[in-house]
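What the coordinates show
In case you want the letters, here they are:
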Amino acid sequence: MPGTEPEPMIRALVVIAALLAAVAVVLGAFGAHALQDRLSERALATWQTGVQYHFIHALALLLLAALWSHLATGWATASAVAFVLGILLFAGSLYALALGAPRVLGAIAPLGGTAFILGWLGLAIAAWRA
């Protein structure tokens, strides 16, 4: 509603989500244009998988912000943290791998994937307990 201040957590989630989404778009464009002739098809596919999951979970943060007043906030907060960690760990490790980081870094991606799963489960519990 115009003229009313959003809750601080809603504002923070929207800002974080918007910034993460902007970064996802930049990285997607960077991969499509600047890296296209420099990376193998496999590395580009890895990069794009990172972008896809990064963007989806930035949108998930916006969903959390939109639903915030209807959710059990402890679980919603845990869900938001899990989504951000998932982006950092999963997408971040895929970006690094695509750019030639040591393959051992690939062991981090499943931790990020687990964070994504926990984030969605946290959202489900937040809605159930609301």
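These numbers come from a predicted model, not from an experiment. (Residues numbered from 1 in each chain as written. Predicted model: local features only at pLDDT ≥ 70, side-chain atom pairs only at ≥ 80, totals over all residues. Heavy atoms only, no water.)

Structural notes on the environment of Leu19
Within the element layout of this structure, Leu19 appears in helix α1 (residues 8-33). Between the C-alpha atom of Leu19 and that of Ala58, which follows or precedes it by 39 residues, the distance is 8.4 Å. (Helix = DSSP H or I, 4+ residues; strand = E, 2+ residues; numbered from the N terminus.)

Digging into the packing of helix α3 (residues 73-98) against helix α4 (residues 109-129)
For the pair α3 and α4, interaxial distance at closest approach is 7 Å and the crossing angle is 160 degrees. Considering their axes alone, α3 and α4 lie roughly antiparallel with respect to each other. In terms of crossing hand, the pair formed by α3 and α4 is left-handed. Tallied by class, residues from the contact of α3 with α4 come to 18 nonpolar, seven polar and one charged. (Axes fitted to C-alpha atoms, helices over the stretch in contact; angles between N-to-C directions. Parallel < 35°, antiparallel > 145°, perpendicular 65-115°, else oblique. Left-handed = near helix turned anticlockwise from the far one by under 90°. Nonpolar A, V, L, I, M, F, W, Y, C, P; charged D, E, K, R; others polar.)

Observations concerning the packing of helix α2 (residues 41-67) against α4
One can describe the packing of α2 onto α4 by two numbers: an axis separation of 12 Å at closest approach and a directional angle of 20 degrees. With respect to their mutual orientation, α2 and α4 come out roughly parallel. The two elements α2 and α4 meet at a crossing, and its hand is left-handed. Between α2 and α4, the residues in contact are Tyr53, His57, Ala60, Leu63 and Leu64 and Phe116, Trp120 and Leu123, respectively. When grouped by side-chain class, the residues that make up the contact of α2 with α4 number seven nonpolar, one polar and no charged. (Contact = heavy atoms within 4.5 Å.)

Regarding the environment of Ala78
Note that Ala78 resides in helix α3. With relative accessibility at 40%, the residue Ala78 sits in the partly exposed group. (Buried < 20%, exposed > 50% of the residue type's maximum accessible area, 1.4 Å probe, protein only.)

Considering the packing of aromatic side chains
A complete count under the given rule lists six aromatic pairs for this structure. Relative to Phe90, the ring of Tyr53 has its centre 4.9 Å away and its plane inclined at 55 degrees; by these criteria the two rings are tilted. Residue Tyr53 is located in helix α2, and its partner Phe90 is located in helix α3; the two are separated by 37 residues in the primary sequence. Looking at Tyr53, the relative accessible area reads 33%, which means it is partly exposed. Residue classification places Phe90 among the buried residues on the basis of a relative accessible area of 14%. An angle of 20 degrees between the planes, with centres 6.1 Å apart, marks the rings of Tyr53 and Phe116 as stacked. Taken as a pair, Tyr53 in helix α2 and Phe116 in helix α4 lie far apart in primary sequence, 63 residues in all. Within the aromatic cluster, the residues linked to one another by ring pairs are Phe30, Trp47 and Tyr95. (Phe/Tyr/Trp six-rings, centres within 6.5 Å; stacked < 30°, edge-to-face > 60°.)

As for the environment of Pro102
As for its placement among the helices and strands, Pro102 is situated in the loop between α3 and α4. With a relative accessible area of 57%, Pro102 lands in the exposed category. For the pair Pro102 and Trp68, spaced 34 residues apart in sequence, the C-alpha separation works out to 39 Å.

Quick look at α4
The terminal C-alpha atoms of α4, which comprises 21 residues, lie 30 Å apart, in line with the 30 Å expected from a rise of 1.5 Å per residue. All of the buried residues along α4 are Ala109, Gly112, Gly113, Ala115, Phe116, Gly119, Gly122, Leu123 and Ala126. Buried-residue contacts for α4 involve α2 and α3. (Expected span 1.5 Å × (residues − 1).)

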